[in-house]
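# Chains, contacts and geometry: an overview
Take a look at the letters that make up each chain.
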Amino acid sequence: YNEYKSYLRIMLRLSSRLLPRFTKVCKRDFSSSSPRTITTHYTVIDRATDDRWTDVDMERYVDEVDVAVVGGGPAGLATAIRLMQNAQRQGAEIRVCVIEKAPDIGSHTLSGAVIEPEPIYDLFPDAIEQGAPLHTPVKKDQFSVLFKNSSIDIPELLLPMKNHGNFIVRLGHVVKWLGDKAEELGVEIYPGYAASEILYREDGSVKGVATNDVGIAKDGSPKDTFERGMEIHAKTTVFAEGCHGHLAKELINKYDLRKSAQPMTYAIGIKELWEVSEEKHDPGLALHTVGWPMDRKTYGGSFLYHVNDGPLVALGYVIALDYTNPYLYPFKEMQRWKTHPRVSRYIEGGERIMYGARALNEGGIQSIPELVFPGGILIGCDAGFLNVPKIKGTHNAIRSGIIAADCIFDGIEDGSLSLEQGTMLDSYDKAIKDSSVWKELVACRNVRPSFSTALGLWGGFSSFDPFLSFLSLSRLRLVRNP
């Protein structure tokens, strides 16, 4: 009887708390009156039919430039820098602006990368003398296959990737340095403003972009601080948003840029930056692993880089998003990976000071869309120039920006690019396909598809060796003729 009384007392107490909430939910969801709308985007609730916007001034300030670059990452900044360098060499005056959503250039770029420096040297032959943050050359290049409690190191002679001559960097610092150099050359950089809308001419070509409106309440109404975004019109607009950019998705759909390409595939990359003890720090060590905790059917791998910028270690885990296990949790898999003796020896007793994640293009050359459309082009990871087995895209992003800038400047000089009409920059498409970017992507085109064969992980390895490439023939039908 006493247990029953206690149970009844608890139920009454719960009901007294839950009943008002239940009543409120019922009134909200089942009331005959229209529900309150919460949205911040004009594409969901049209402002023209919203009485709250009736007396708001919706006129935008318009600025005209020669070239508008959307995205202040390595690709976008390389484009802007080379354009201004070309203009200075030719004694020409042009306006180039870079629109970047981050509050500061480089602040949205995750630390920890190994980059090939040649494209940076193409921009600045004396980059290191000019203060480029290339402080940690790769001194040890290691590759391990992990099992649950052990590992096998692959001899350097057989490594599928070579990193000697490359640099371990904090990529955000490199991007900030590129931004500073761009401003020194006269590039107009607008950080803190997202390009939220593509503007089109009457003929359907890209006219430019508009930045985001600010001062909007969470219910979609204008605040007293509301300010309309700015329109930027350009002779050509360069889209360098990075992987899966929202404006690039709109362009790909509008102009059917994937009509001759495979669908793009993606991965999630999780990065952490650790401060470790001096005795465990080995500046210049670049370690890559495959295997545990992934099974052979799940495409994934890791990196661990020792940065010579204090006793710092940048580590990350990449998992392709075509995994079939619905219970797989990429973040937890990374935490499991960190407990492996091959990894934990470096970070044990350390402190994680930064972390983040980003998406990666993994489709390779088979999934690259058409790069050119009326009034604009795609560069960098907006196009998908990541080298999948290397887990490197920065050098190709910078290279594509340099190529784009040379083609754009030629178009401005010969008058084929103008503000009045959108022009197809076909020279860029041809130049990319004649460049080292395309050659590199052709060479590794079978690695990712080969992983999807019955051999799984070992099928991916086989595609590095031309004598064993017959193991991936079952997937060759997916490869476009380069």
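Scroll up a little and you will see the structure.
All of the points below concern the structure found in this document.

### Remarks on the overall build of the protein chain
Looking only at helices and strands, the protein chain features 13 helices and 20 strands. Each of the 482 residues in the protein chain was classed as buried or not, and the buried ones make up 52%. In the protein chain, the share of contacts with a sequence separation of at least 24, taken over all contacts with a separation of at least 6, comes to 76%. When the accessible surface of the protein chain is totalled, it reaches about 24,100 Å², and 53% of it is carbon and sulfur.

### Some words on the pattern of salt bridges
Taken as a whole, this structure holds 23 salt bridges when the rule is applied. With a closest N to O distance of 2.7 Å, Glu-197 and Arg-60 form a salt bridge. Remark: Arg-60 occurs in the loop between α1 (2–30) and β1 (62–70) and Glu-197 occurs in strand β9 (residues 195–200); sequence separation between them is 137 residues. The partly exposed category is assigned to Glu-197, whose relative accessible area is 22%. Under the relative-accessibility criterion, Arg-60 is labelled buried at 13%. For Glu-440, the salt bridge goes to Lys-390, with nearest N and O atoms at 3.9 Å.

### Describing the sheet that holds strand β4 (residues 136–137)
Within the open sheet, the three strands sit side by side as β3-β7-β4. Their pairing is antiparallel. Where the open sheet ends on each side, the last strands, each with one partner, are β3 (113–115) and β4. Bridge count for β4 against strand β7 (residues 167–169) is two bridges, and the pairing is antiparallel. Bridge pairing in β7 links Pro-137 to Phe-167.

### Observations concerning the nonpolar core
In this structure, Val-96, Phe-239, Ile-377, Phe-385, Ile-408 and Tyr-428 are the most contacted members of the largest nonpolar core, which totals 81 residues. Every residue in contact with Phe-385, bar those within four places of it in the chain, is listed here: Ile-368, Leu-371, Gly-380, Asn-396, Ser-400, Tyr-428, Ile-432, Val-437 and Leu-441. Of all hydrophobic cores here, the second largest spans 19 residues; its members include Leu-146, Trp-274, Trp-292 and Leu-304.

### Here we look at the sheet that holds strand β6 (residues 151–153)
The strand order β6-β5-β15-β16-β17-β14-β18 describes an open sheet built from seven strands, whose pairing is mixed. Two strands bound the open sheet, and with one partner strand each, they are β6 and β18 (351–361). Going across the sheet, the axis of each strand differs from the next one's by a mean of 20°, ignoring polarity. Note that strand β16 (residues 300–308) and strand β17 (residues 311–320) share nine bridges and pair antiparallel. Residue pairing for β17: Gly-300 is matched across the bridge by Ile-319.

### Focus: the side chain of Ser-418
Note on placement: Ser-418 falls in the loop between α9 (394–414) and α10 (426–433). Given the relative accessible area of 16%, Ser-418 is considered buried. When sequence neighbours within four positions are dropped, the list of residues in contact with Ser-418 reads Arg-201 and Lys-235.

### Topic: the environment of Lys-297
Mapping Lys-297 onto the fold places it in the loop between β15 (285–291) and β16. C-alpha separation for the pair Lys-297 and Tyr-323, spaced 26 residues apart in sequence, amounts to 8.0 Å.

### Comments concerning the packing of aromatic side chains
Inspection of every chain in the model, using the stated rule, returns seven aromatic pairs. Ring geometry for Trp-53 and Phe-226: centres 5.1 Å apart, planes at 80°, overall edge-to-face. With Trp-53 in the loop between α1 and β1 and Phe-226 in strand β12 (residues 222–227), this pair connects stretches of sequence that are 173 residues apart. Using a relative accessible area of 4% as the deciding quantity, one classes Trp-53 as buried. Joined through ring pairs, the aromatic side chains of Phe-239, Tyr-255 and Phe-373 make up one cluster. Taking the ring centre of Tyr-200 as reference, the NZ or CZ of Lys-254 above it sits at 4.6 Å. Across the ring face of Tyr-255, the terminal group of Lys-254 is positioned such that the distance to the ring centre comes to 5.8 Å.

### Re helix α11 (residues 436–443)
Among the residues making up α11, those that are buried are Val-437, Trp-438, Glu-440, Leu-441 and Val-442. Buried residues along α11 sit against α9 and α10. Between the side-chain oxygen at the start of α11 and the backbone nitrogen of Val-437 there is a gap of 3.2 Å, and the oxygen is on Ser-435.

### Some words on the packing of helix α2 (residues 74–90) against helix α4 (residues 171–185)
Remark: α2 packs on α4, axes separated minimally by 9 Å, with the N-to-C direction vectors making an angle of 25°. Taken together, the axes of α2 and α4 lie roughly parallel to each other. Between α2 and α4 lies a crossing whose hand is left-handed. Contacts between α2 and α4 involve Pro-74, Leu-77, Ile-81, Met-84, Gln-85 and Gln-88 from the first element and Val-175, Leu-178, Gly-179, Lys-181, Ala-182 and Leu-185 from the second. When its residues are assigned to classes, the contact of α2 with α4 shows eight nonpolar, three polar and one charged.

Cut-offs applied
- Residues numbered from 1 in each chain as written.
- Predicted model: local features only at pLDDT ≥ 70, side-chain atom pairs only at ≥ 80, totals over all residues.
- Heavy atoms only, no water.
- Helix = DSSP H or I, 4+ residues; strand = E, 2+ residues; numbered from the N terminus.
- Buried < 20%, exposed > 50% of the residue type's maximum accessible area, 1.4 Å probe, protein only.
- Contact = heavy atoms within 4.5 Å.
- Areas by Shrake-Rupley, 256 points an atom, 1.4 Å probe, with all protein chains shown as cover.
- Salt bridge = Lys/Arg side-chain N within 4 Å of Asp/Glu carboxyl O.
- Pairing = 2+ DSSP bridges.
- Core = buried A, V, L, I, M, F, W, Y, C linked by side-chain atoms within 4.5 Å.
- Axes fitted to C-alpha atoms, helices over the stretch in contact; angles between N-to-C directions.
- Phe/Tyr/Trp six-rings, centres within 6.5 Å; stacked < 30°, edge-to-face > 60°.
- Lys NZ or Arg CZ within 6 Å of the ring centre and 35° of its normal.
- Polar contact = N/O pair within 3.5 Å; in protein donor to acceptor, adjacent residues only side chain to side chain.
- Parallel < 35°, antiparallel > 145°, perpendicular 65-115°, else oblique.
- Left-handed = near helix turned anticlockwise from the far one by under 90°.
- Nonpolar A, V, L, I, M, F, W, Y, C, P; charged D, E, K, R; others polar.

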